[in-house]
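Here is what each chain is made of, one letter per residue.
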Amino acid sequence: MIIGLILSNTPNYSETFFINKIKGLQASGVEVVLFVGKEREGFSLCKVCKMPTVYKNIFLFGFQYVFVLLSLLPHVKNVWRFLKLEKASGSSSLKLLKLLFINSHILKAKLDWLHFGFATQTIGSELVAKAIEAKMAVSFRGFDINEYPKKHKNCYVKLWKNIDKVHSISQYLVDEAYKLGLDKSVPVVIISPAVDMSFINAIKDKTKSKFQKGMVICTVARLNWIKDLSTAIKTISLLKMKYPQISYLIIGGGSQKEKEQYLNLVEELGLQDHVVFYDKLSHVETIQKMNECDIYLQTSINEGFCNAVLEAQALGKLCMATNVGGLKENIVDTKTGWLVEPQNPIVISEKIIEIINLSELQLDKIKEQAVKRVETKFNTEIQMKSFVEFYKNS
């Protein structure tokens, strides 16, 4: 069996979801081919096919386009099927030329499955799998369902008509996809993110007692509106009145405009000595920073699932998240962490104070239950086996 996986870039070795998937499939005898827009140096796990470069110089692009057309001659049947399918779907002649170019690296392939790592990556490539006579699968993640369709109405109409199977990181995203038009007859498999516990255990600090170094709270998030860091910062402001030594670590990148918005709020609330912004860190650095905290806080307006919340539980951190989206599948309220009302700093701060006042024994029980649940339900071995079954049971 040959699986073609569509990603924007070859994954870094810190991007464990895709790395583990590739390794798991290869270990079961499946060949994996990556189709990407950009290829990073040092990636050697499997064969990589890169989309042709789009040159800004019109003459260079012209030569490139002719070269691409010539390279497609041995695959003329695939090309003909693709053009017929696109024409029947209503694509104009000009659009056909564009779609032929951006999908040329895939049209040369002989695959059993073509799997798009993100639903948004299918746009403009919805008919390629049929053209090369492969089955088409797609993965749902938070941005695909929670954000992109809000700005681009009916963006997946073509996808829904051509999809063979869906992988989703949470049931919540599947339910939302049904609202967007996904037919309920399409097979769906939930395979959640997983945690490499050997990696976590190598970093985890098992000796730190309850708030030994003062209260440290952290969040891993893009500086994006949907992560609602404003609510988190306002929560810290309320907690500072009772806990003047409080520290809040924000780990994640964003635009300068987004960062300035939060920096202004921090200054307005007088939290310059309490809130620390880190740009996007490597996976190892992120886990190390998370390990320094007492409480992990996720105040998102919505989430598809949230890997960081899962990793925080694996680290044995006290985890609190808003009761929205896939977070309700991530944390078991009062068992492995706490779910709270979104966009309500007063309620969130009160819940944190309530947690702080719990006994060491009560907190240890929550931590132990969180770690055990991750170890048994969200480990990489289960994830790898699930993906092998995803393709073979079809």
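Just so it is clear, the structure is predicted and the values come from calculations on it, not from any experiment.

A. Region of interest: the packing of helix H11 (residues 229–240) against helix H12 (residues 256–268). Contact pair H11 / H12: the axes reach a minimum separation of 10 Å and the direction vectors enclose 15°. What the angle tells us is that H11 and H12 run roughly parallel. Taken as a pair, H11 and H12 cross one another with a handedness that is right-handed. From H11, Leu229, Ser230, Ile233 and Lys234 reach across to H12, where they touch Gln261, Tyr262, Leu265 and Val266. Residues of the contact of H11 with H12, tallied by class, amount to five nonpolar, two polar and one charged.

B. Focus on the pattern of salt bridges. Inspection of the entire model under this criterion finds nine salt bridges. Residue lysine 227 pairs with glutamate 303 through a salt bridge whose shortest N-O separation is 2.7 Å. You can see lysine 227 sitting in the loop between strand E8 (216–220) and H11 and its partner glutamate 303 sitting in the loop between strand E11 (295–298) and helix H14 (307–314), a full 76 residues away along the chain. Glutamate 303 shares its class with lysine 227; the two are buried. A salt bridge links lysine 385 to glutamate 381, with the nearest nitrogen and oxygen atoms 3.3 Å apart. Pair noted here: lysine 385 and glutamate 381 are both in helix H18 (residues 380–392), with a separation of four residues, about one helical turn.

C. Structural context of the side chain of glutamine 298. Inspection of the secondary structure assignment puts glutamine 298 in strand E11. A distance of 2.5 Å separates a polar atom in the side chain of glutamine 298 from a polar atom in the side chain of tyrosine 296. Ignoring sequence-local partners within four residues, the contact set of glutamine 298 consists of Thr219, Val220, Ala221, Lys227, Glu303, Cys306, Val309, Met320, Ala321 and Thr322.

Definitions and limits used
Residues numbered from 1 in each chain as written. Predicted model: local features only at pLDDT ≥ 70, side-chain atom pairs only at ≥ 80, totals over all residues. Heavy atoms only, no water. Axes fitted to C-alpha atoms, helices over the stretch in contact; angles between N-to-C directions. Helix = DSSP H or I, 4+ residues; strand = E, 2+ residues; numbered from the N terminus. Parallel < 35°, antiparallel > 145°, perpendicular 65-115°, else oblique. Left-handed = near helix turned anticlockwise from the far one by under 90°. Contact = heavy atoms within 4.5 Å. Nonpolar A, V, L, I, M, F, W, Y, C, P; charged D, E, K, R; others polar. Salt bridge = Lys/Arg side-chain N within 4 Å of Asp/Glu carboxyl O. Buried < 20%, exposed > 50% of the residue type's maximum accessible area, 1.4 Å probe, protein only. Polar contact = N/O pair within 3.5 Å; in protein donor to acceptor, adjacent residues only side chain to side chain.

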